[in-house]
Each structure stands twice: as C-alpha cells, then as structure tokens.
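# Coordinates in review
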Amino acid sequence: MEERGAEALSGHEDGSKETRVSAHGSHVPSSEVLEAIENVILDVLKSLAKKKAPVLTLANRSDWRNIEFKDSVGLQMIPHSSTKQIRSDCPATAPKFAMMLKILSMIYKMVQSNSYATKRDIYYSDKLLFGSQRVVDNLINEISCMLQIPRRSLHILSTTRGFVAGNLSYTEEDGTKVNCTCGATAVTVPSNVQGIKNLYSHAKFILIVEKDATFQRLLDDEFCIKLAPCIMITGRGIPDLNTRLLVRKLWDTLQIPIFTLMDADPHGVEIMCIYKYGSVSMSFEAHQLTVPCIKWLGLLPSDIKRLNIRKDVLIPFTKQDQNKLASLQKRPYIACQPVWKKELEIMAASKMKAEIQVLTSLSSDYLSRVYLPNKLQFCGWI
C-alpha cells in the first residue's frame, strides 16, 4: 500500500513543492497588515477631500469567470479578476461599506495590540449593525481577499468544528503539548494551525471522514490502531478553515497518502472536492488550503453494485441532488479525472444515493473490519 500510495502522489510532486513555498510565506508581518489597512483608509480620506463618495473595490469571489483550475493547485483566482464596487453613497451598498470599515478598525486595533478575536466576537461587538453571523463571515473573507492577506494574519480566529485522532502529536503556539491518541475521544482541531510546531507522527496514511458519526464509529472500533498507524480527521460536514489548514499542514510535513471517506452522494463528492481542489469563495487562498493529491477511497458509487447493497437502504435523489450533481459534472476538475467522471455517471444513472452507514446492512462492523482494510490493501482508491 505504501508503494502504491507513493506512486499515486508522485504525479503531484512538482506542484506541491511550488505550493509549499507559498505556504511558508503565508504569515504576513504585522507591519504589512497595518500598512495595507492604512492604504485603504487613506484612499477613503482622499475621496472625501475631493468631495467624492468613497468606494471599496472587491474582487468577484463567487464568479466562476474569475476562477481558473490548475491541477497542481486546484481552484485559484485569476490575477486580473473582475471587480465590484462597494459605494458609500449607494443605499444598497452603504451598509456593507460601513460594516467593512468597522471590521477594518477592529482588525487594526487587534494587530497593534497583538490580540485576537473570533468571528463570533466580532459579530457580538455590534449585533445591530451586522445583523447575522453569516454577514460577518462573508465580510471577513471579502476583507482578506481585498487586502490579499490570510485571515489568520488579520488576528481573526474561526471557531473550529473539526476533530483529529490517531498517531499524531504536536505542540501548540502557547506551549501546550497535544497527543492525539486514538481512544474513544478525539482532539479538537486547533484554532491556530499556523502556530503548531514539533509535529510528529508514524502514520502510514491520513483518512478524512465526512461525518462525525462515522468518525466516532471508527474511533470506537480502534481502526487507526488495528490496521496500521494512521491519522483520522473529520470536518463534520463542510470543513471549516482550520480543518482544511490542518490537512494541508499534515500533507506538507508528512508527505503520506491522504484518502477520503464520504457518502456516495453529490454533497459528499463536493465536500471531498473542497479538501482536494478548494472552493470558489476561498480561491484567493488556494495555495495554502488545497491538497490536490487527495484520493477518493469510498464510498464509491460503483461499490454499491459491487457489494450488492440492498436497494431498500438507498435513498432516491431529490431535485436538489440532481442539480448539485449536474453542477459537479460541469466543474473543471472533473474533466481531468476520467475515473471520477465515470463514478458520477454511475450515480447519475442510478438516481440513488448511499450513506456510509449502508455498509452496516452487510454487518455491523463491515466498514472497519472488511471495507476499509480491503480498500487499503488492494489499492481500491481513485
């Protein structure tokens, strides 16, 4: 398995080296962050001095026309992308203009004082102004993209939802030593992945698990002890920034095979693609977040027929599932993955989806005792 794993990753070697150089430079010095914010405010003041309405210019992060796909990096924003203006004199955009200046002011003070705040702290600082947590999350990403500075250098921490377990130990920035033993409980992904040091592991591979329930079941079955030393990570659905950063850091440091275990449905495939190729909204940070060498271990749509899974445990597609799958099939990264494309065609033809839990219809411990060991031993990934 190790030989095949190394072979499977070899095709990404040059790209990963190129990206790692960028990742090492991902921390922006405080002086540069302060200067970037000062330049924005200076432009606002210049406009006011000329009796013109100040404007903030942002890249269109959600526009696929601003995105290019590169096999060694994933989805990344093109250098000269189209932009949109947040005007201070337009009723539709003036509130967003005010909120962005408010957050820029908070970031400036935090960087100056070397203090940190979570996105939730920022929301609660003025709930009336921001309205919702989602608004704050989006504004922070807009500011990060506008300044071309990673969120962690802006002294903003995001709440971590992910868990990690297995053959891994490290020291956090404050000196706390963490040992992710594969017991019945997992360790929360650190909120400052960048500050991790002394990362140590004998793991042979990393397994990214879509759902918390599956992750916990594998922990209970002592999967990462019985089969081979490994590291398991779950983002508990769509991964947050810290979980993606940790996967990337483990790849940069350990250079071992990384596999995904997802539901055989459009949502699971999209989550896997976020880990592997990134997302449109965070494409401006692709070099620090994506891991293009990730392999799809399961649950493959072709596994359903191969294992003779009963039809009564499968779930019919909804209209939303059909639309999601159609969207995925048009994505640029599917075109360069003919085997993935075939699996999506199998899914589309069946119009059925399967959760990982369907394997329990074969036996209660089929996943950890039979499915994963066989997949890993006989190179059953794509």
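The preceding data block contains the structure.
One structure accompanies this document, and this report is about it. Values in this document were obtained by computation on a predicted structure and should not be read as measured data.

Parameters at a glance
Residues numbered from 1 in each chain as written. Predicted model: local features only at pLDDT ≥ 70, side-chain atom pairs only at ≥ 80, totals over all residues. Heavy atoms only, no water. Pairing = 2+ DSSP bridges. Helix = DSSP H or I, 4+ residues; strand = E, 2+ residues; numbered from the N terminus. Axes fitted to C-alpha atoms, helices over the stretch in contact; angles between N-to-C directions. 1 Å grid on protein atoms, 1.4 Å probe; cavity = no way out; pocket = protein on both sides within 12 Å on 5 of 7 lines; lining within 4 Å. Points joined across faces, edges and corners; volume = space filled by probe spheres on them. Nonpolar A, V, L, I, M, F, W, Y, C, P; charged D, E, K, R; others polar. Polar contact = N/O pair within 3.5 Å; in protein donor to acceptor, adjacent residues only side chain to side chain. Contact = heavy atoms within 4.5 Å.

Looking now at the sheet that holds strand 8 (residues 169-171). Overall, antiparallel pairing links the three strands, which are arranged 9-8-11 in an open sheet. The strands lining the two open edges of the sheet, one partner per strand, are strand 9 (177-179) and strand 11 (197-200). Each adjacent strand pair in this sheet contributes to an overall mean axis angle of 5°, direction not counted. Bridge count for strand 8 against strand 9 is three bridges, and the pairing is antiparallel. The partner of T171 across the bridge, within strand 9, is K177.

As enumerated under the stated definition, the model contains two cavities of 30 Å³ or more in all. Put simply, the largest cavity is a space of about 80 Å³. Around the largest cavity sit R151, R152, I156, L157, S158, S191, N192, V193, Q194, L241, N242 and L245, which together line it. Of all the elements in the fold, those that place two or more residues in the lining of the largest cavity are strand 6 (156-157) and helix 10 (241-254). The element contributing the most residues to the lining of the largest cavity is helix 10, with three residues. Classifying every residue of the lining of the largest cavity by side-chain character gives five nonpolar, five polar and two charged.

Attention now moves to the side chain of R151. The residue R151 is located in the loop between helix 7 (133-147) and strand 6 in this model. Within the structure, R151 has its side chain in polar contact with the side chain of N141 (distance 3.0 Å). Aside from chain neighbours lying at most four places away, what touches R151 is K119, I140, N141, S144, I156, S158, L241, M282 and E285.

The next thing to look at is the sheet that holds strand 14 (residues 258-261). By definition, the strands of a sheet pair up through backbone hydrogen bonds, in either a parallel or an antiparallel sense. Taken in spatial order, the six strands line up as 10-7-13-12-14-15 in an open sheet, and their pairing is mixed. Edge positions in the sheet fall to strand 10 (187-188) and strand 15 (295-298), since each of these pairs with one other strand and no more. By the bridge criterion, four bridges tie strand 7 (residues 163-166) to strand 13 (residues 230-234) in an arrangement that is antiparallel. Residue pairing for strand 13: A165 is matched across the bridge by M232. Helix 17 (residues 366-377) rests against strand 12 (205-209), strand 14 and strand 15 of the sheet, and its axis sits at about 145° to strand 15.

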